[in-house]
Amino acid sequence: MNKSLIEIFKIFFIIGIQLLGGGYVIVPLLKKYIVDERKWITDEELVDLYAISQCIPGIIAANIATITGYKIKKLQGAIAAIMGIVVPSFIIILLFAMLLSNFANLEIVQAAFKGIRTAVIVLVILTVKDLWKKSVNSIFTYILFSIILLILLFCKTSPTLVIIGAGFSAIFYSKIKGVKNA
Amino acid sequence: MLKLYFLLCYEFAQIGIFAIGGGYAAIPFLFHIQDKYNWFSIEELTNMIAISNITPGPIGINMATYAGFKTAGILGSTVSTFSMLIVPFIITILITKLFSKLQNNDTIKNLFMGLRPAACALLLSIGISLLFTELFNTKEINFESIDIKQFGLFIVLLISMSFFKKNPLITILLGAIGGVILNYFI
């Protein structure tokens, strides 16, 4: 099968256009385009790279694209793949941002966006519910969550500091407790 | 002007490195940027989140592109998107090479045990402050200033989305329809 950089970019561009609703959607798309149709990577490799992507910071879909591209054609493949994922959303958002400013003052657009902002709150709260189930499941995580929430509600704190602090306290706690796995 | 691009780069690189747990994890960082620099308003930011949800592409990239554009035009969006991606890209390449050694590393598992609740708390605090700014039009609890119509819409959306599987596209579409109905018919 042809594995030219342009071909890799093209496939990831097509995948990028279809990414709607969260980074994880990229996994079934990779299964279809990369594993089944082109056989550039195997099913096992897909599962593996999905596991790696979980423990790397950054945009999940971009990281998965990077790893897949790397498996296909090393560094060049990784760059082609991440560009393929980024370029379509970049162009679509720019168009949206430029067009929207032309319509932003219409009453109906403002009314719609007022409702949409309420919908965003609902989405944020439902995402918290999902994250909560996966992440707050022990006494330590419960206490950590409560402390962080209290800090955030009563003083302005940089999210970066919160993440660093939480990471350190988890490692510190595990060292003391000798906990091997959460 | 150059300073602005440097700040964009600095702030979005932090999102790339520290926003753990999917696109929504970037939201608290964007609110922090809003609060610190006032490059865009809270309303614009919330609209931005909605648009990122209904357009294709990873939500984090969409938000970086949009926020960068609002701050400093097309060059701004290029800087913000690139800065957010570059460090994770390098880490990803390195980790892919070392993968077998890291997969069962206890320290990394323990680290994430702390990072996930933190990401969850960060997002909840944003949800709470959005509730106040959008529904109470204030930053304090003041039930006299509550926007009854929007609060009703909020409850309806929350209940319907808890019953059906959470679908961002449908939620935002319903929100838009609800907003128009509230404005013109109620």
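What you see is a predicted model; the values in this text were computed from it and never measured.

Peer 1: Residue-level account of the interface of chain A and chain B, with values.
Peer 2: Each partner contributes to the interface: chain A provides 87 residues, whereas chain B provides 93 residues. Summing both partners gives a buried area of about 8,300 Å² for chain A against chain B, and 79% of it is carried by carbon and sulfur. Where chain A meets chain B, there are 5 salt bridges. Where chain A touches chain B, the interface holds 11 residue pairs in polar contact (both at pLDDT 80 or more). If you tally residues by element for the side of chain A that touches chain B, the top one is helix 5 (residues 107-135) of chain A, at 24 residues. Taken together, the residues of the side of chain A that touches chain B break down into 61 nonpolar, 18 polar and 8 charged.

Peer 1: An account of the domain arrangement of chain A is requested, with residue identities and associated values reported.
Peer 2: Taken domain by domain, chain A consists of domain 1 (5-102) and domain 2 (106-177). Using only C-alpha atoms to locate each centre, domain 1 of chain A and domain 2 of chain A end up separated by 27 Å.

Peer 1: Account for helix 2 (residues 26-37) of chain A, naming residues and giving values.
Peer 2: Residue and element names in this part refer to chain A. With 12 residues, helix 2 ought to run about 16 Å at 1.5 Å a step, and its terminal C-alpha atoms sit 15 Å apart, in line with that. Packed against the buried residues of helix 2 are helix 1 (5-18), helix 3 (43-54) and helix 4 (60-103). Once helix 2 ends, the next one or two residues include Lys39, with phi positive near 55 degrees.

Peer 1: Just give me the short version of helix 1 (residues 2-18) of chain B, but keep the residues and values in it.
Peer 2: For helix 1 of chain B, spanning 17 residues, the distance from its first C-alpha to its last is 24 Å, which sits close to the expected 24 Å at 1.5 Å a residue. For helix 1 of chain B, every residue scored as buried is listed here: Leu4(B), Tyr5(B), Leu7(B), Leu8(B), Glu11(B), Phe12(B), Ala13(B), Gln14(B), Ile15(B), Gly16(B) and Phe18(B).

Peer 1: How would you sum up the environment of Val120(A)? Please name residues and give values.
Peer 2: Looking at where Val120(A) falls in the secondary structure, it is placed in helix 5. Along the backbone, Val120(A) and Gly165(A) are 45 residues apart, and their C-alpha atoms lie at a distance of 28 Å. Not counting the four nearest positions on each side in its chain, Val120(A) is found in contact with Thr46(B), Ile49(B) and Ala50(B).

Peer 1: Please provide a residue-by-residue account of unusual backbone geometry, values included.
Peer 2: All names here are of chain A. Although it is not a glycine, Lys39 adopts a positive phi angle of roughly 55 degrees. Mapped onto the elements, Lys39 comes out in the loop between helix 2 and helix 3. Even without a glycine there, the phi angle at Lys74 is positive, about 50 degrees. Here Lys74 shows up in helix 4. For Lys74, a relative accessible area of 55% translates into the label exposed.

Peer 1: How would you explain the domain arrangement of chain B if you had to name every residue and give the values?
Peer 2: All names here are of chain B. Taken as a whole, chain B is organised into domain 1 (2-143) and domain 2 (147-186). Each of domain 1 and domain 2 was reduced to a C-alpha centroid, and the two centroids are 25 Å apart. Each partner contributes residues to the interface: domain 1 has 6 residues there, and domain 2 has 7 residues. Across the domain 1/domain 2 interface, buried area totals approximately 650 Å², and carbon plus sulfur atoms make up 76% of it. For domain 1, the biggest contributors to the area lost against domain 2 are Asn53, Ile54 and Leu135; these three give 64% of the whole. Our count for the domain 1 to domain 2 interface comes out at 0 salt bridges. Counting across the interface, domain 1 meets domain 2 through 1 residue pair in polar contact (both at pLDDT 80 or more). At the level of secondary structure, the elements contributing two or more residues to the side of domain 1 that touches domain 2 comprise helix 3 (42-54) and helix 5 (106-136). Take the side of domain 1 that touches domain 2: its biggest share by element is 3 residues, from helix 3. Its residues assigned to classes, the side of domain 1 that touches domain 2 comprises 4 nonpolar, 2 polar and no charged.

Cut-offs and rules
Residues numbered from 1 in each chain as written. Chains lettered and ligands numbered in written order. Predicted model: local features only at pLDDT ≥ 70, side-chain atom pairs only at ≥ 80, totals over all residues. Heavy atoms only, no water. Contact = heavy atoms within 4.5 Å. Buried area = accessible area lost by both parts, 1.4 Å probe. Salt bridge = Lys/Arg side-chain N within 4 Å of Asp/Glu carboxyl O. Polar contact = N/O pair within 3.5 Å; in protein donor to acceptor, adjacent residues only side chain to side chain. Helix = DSSP H or I, 4+ residues; strand = E, 2+ residues; numbered from the N terminus. Nonpolar A, V, L, I, M, F, W, Y, C, P; charged D, E, K, R; others polar. Domains from an automatic or database assignment. Expected span 1.5 Å × (residues − 1). Buried < 20%, exposed > 50% of the residue type's maximum accessible area, 1.4 Å probe, protein only.

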